[in-house]
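Chain by chain, the residues:
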Amino acid sequence: MGVVKRRVTIKDVARKAGVTHPTVSRAINDSPRVSEETKKRIRRIISEIGYRPNLIARSLVRSKSRVLAVITPDLNPHVQPILRGIADACRRNNYALMLFSTDYWTEEKLSYTWVMDNWRVDGMLIYNVVYQRKGGSDIRRIQSYQTPFVFINKYLRDPKINSVSVDNFEAAAQAVNHLRELGHRRIGIMNGNLKSVDGVERFEGFKRALTAAKIPFDEHAVGCANYSDEQSFEEMKRILCQARRPTAMFCANDLMAVGVIRAAEEKGLSVPQDLAVVGFDDIDAGRYFRPTLTTLRPPLRELGEKAVDLLIEILQNPRRHPEQIPMTAKLIIRDSSGLVVPVDQ
């Protein structure tokens, strides 16, 4: 059996440096009570003997864990780039991360408060897609814990809530304006569902953009497909049966755009010659689909990074004013809307 290596402790550092272990602790925390010469000596010794501070012990002393919690309804591909951004920002700022995955339709407030009741975290990042126009009792309950939190993509029209989200209104306007510039006046929408943040905002943004462009809104050119390509396929077949069908469709995600294109092709229509299509999300398959998919690319990784940065700012300055940070999606023009550009854009 091999020899088990003993963990290097703060007392080992103190003994080698000829100081007390509280002095080592102060040096690690860059206290002005320790001279620069002593700090340099202690840091050199720490590097030489491989000392690593015990984060759990430090958290008990400071009443800070340097751990952030992220709560997400699931771990679908859309969430993964956000989580990568969160993890990168946590690593950069020397925070650990705890991930909690719940279910879309469970009692949200129970999952939030369960984390705060059972885990020692400095703050929470809540990725949540359930639609709410007002904060409600669950928000007040979260606030009662006095644990800082930031919502990611939460639909809260409340200036007192910190949030980072994709600007769905501006993104929908980009889609409508692109189709308008191509000459379309009969533009429909394939929506997700109106219980989701993205479904509500993209639908409202679509209608606002039509109004701004002086294009009439046609309720008969509206489908609701719950972000599913199969449901979108069926909804689009219904829409295409009308005598005055739309010449362009904005889809609230790329999977629904695929369903729309399949339905058009089944009806003998050509995309984009007979029907222009714009999606949302820029999934990897969109650039290899035929026709390649015009879409809106949300800055998902940056969304996660920005949420962590905002939460850390709140931890450092609890009195700062709440902030709602919108992030802009990028329009990626490919074949499905009528302009042929390189596939790798």
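Procedures and definitions
- Residues numbered from 1 in each chain as written.
- Predicted model: local features only at pLDDT ≥ 70, side-chain atom pairs only at ≥ 80, totals over all residues.
- Heavy atoms only, no water.
- Pairing = 2+ DSSP bridges.
- Helix = DSSP H or I, 4+ residues; strand = E, 2+ residues; numbered from the N terminus.
- Axes fitted to C-alpha atoms, helices over the stretch in contact; angles between N-to-C directions.
- Contact = heavy atoms within 4.5 Å.
- Buried < 20%, exposed > 50% of the residue type's maximum accessible area, 1.4 Å probe, protein only.
- pLDDT = per-residue confidence, 0-100.
- Parallel < 35°, antiparallel > 145°, perpendicular 65-115°, else oblique.
- Left-handed = near helix turned anticlockwise from the far one by under 90°.
- Nonpolar A, V, L, I, M, F, W, Y, C, P; charged D, E, K, R; others polar.
- Phe/Tyr/Trp six-rings, centres within 6.5 Å; stacked < 30°, edge-to-face > 60°.
- Lys NZ or Arg CZ within 6 Å of the ring centre and 35° of its normal.

**With respect to the sheet that holds strand β6 (residues 187-191)**
Link 1 in the chain: Read from one edge of the open sheet, 4 strands run β7-β6-β8-β9, paired in parallel fashion. Looking at which strands have only one partner, the edges of the open sheet turn out to be β7 (222-224) and β9 (276-278). Across the sheet, the mean angle from the axis of one strand to that of its neighbour is 15 degrees, orientation sign disregarded.
Link 2 in the chain: Sheet analysis places β6 next to β7, joined by 3 bridges and oriented parallel. By the bridge assignment, N191 is partnered in β7 with C224.
Link 3 in the chain: Contacts from helix α9 (residues 197-212) reach β6, β7 and β8 (248-251) within the one sheet, and its direction differs from that of β6 by about 175 degrees.

**Section: unusual backbone geometry**
Link 1 in the chain: For the bond from V271 to P272, the omega torsion is 15 degrees, close enough to zero to count as cis.
Link 2 in the chain: Structurally, P272 can be placed in the loop between α11 (254-266) and β9.
Link 3 in the chain: Not every positive phi belongs to a glycine, and K214 is a case in point at roughly 60 degrees.
Link 4 in the chain: Overall, K214 belongs to the exposed group, its relative accessible area being 67%.
Link 5 in the chain: Of note, the phi angle at Y227 is positive, near 65 degrees, even though the residue is not glycine.
Link 6 in the chain: Along the chain, Y227 turns up in the loop between β7 and α10 (229-240).

**Side note on the confidence of the model for the protein**
Link 1 in the chain: Taken residue by residue, the protein gives an average pLDDT of 86. The fraction at 70 or more is 86%.
Link 2 in the chain: Low pLDDT, under 50, characterises residues 340-345; the stretch is placed with 11 contacts to residues that sit more than four places away or in other chains.

**Side note on the packing of helix α5 (residues 79-92) against helix α12 (residues 300-316)**
Link 1 in the chain: Interaxial distance between α5 and α12 falls to 6 Å at its minimum, and their mutual angle equals 40 degrees. Here α5 is positioned oblique relative to α12, judged by the angle of their axes. For the element pair α5 and α12, the recorded crossing hand is right-handed. Residues P81, I82, R84, G85, I86, D88, A89, C90 and R92 of α5 pack against L300, R301, L303, G304, E305, V308 and D309 of α12.
Link 2 in the chain: Residue composition of the contact of α5 with α12, grouped by class: 8 nonpolar, 2 polar and 6 charged.

**With respect to the side chain of D12**
Link 1 in the chain: Within the fold, D12 resides in helix α1 (residues 10-17).
Link 2 in the chain: Overall, the relative accessible area of 13% leaves D12 in the buried class.
Link 3 in the chain: The residues touching D12, leaving out its near neighbours within four places in the chain, are R6, R7 and I49.

**Things to note about the packing of aromatic side chains**
Link 1 in the chain: Going through the model one piece at a time under the given rule, you end up with 3 aromatic pairs.
Link 2 in the chain: A ring pair is formed by F149 and F151, whose centres lie 5.5 Å apart and whose planes are at 75 degrees; its orientation type is edge-to-face.
Link 3 in the chain: Pairing F206 with F250 gives two aromatic rings, centres 6.3 Å apart and planes at 25 degrees, and the pair type is stacked. One end of the pair, F206, is in helix α9; the other, F250, is in strand β8, with 44 residues separating them in the sequence.
Link 4 in the chain: The aromatic ring of F280 is capped on one face by R202, whose charged end is 3.5 Å from the ring centroid.
Link 5 in the chain: Lying over the aromatic face of F233, R262 brings its terminal NZ or CZ to 4.4 Å of the ring centre.

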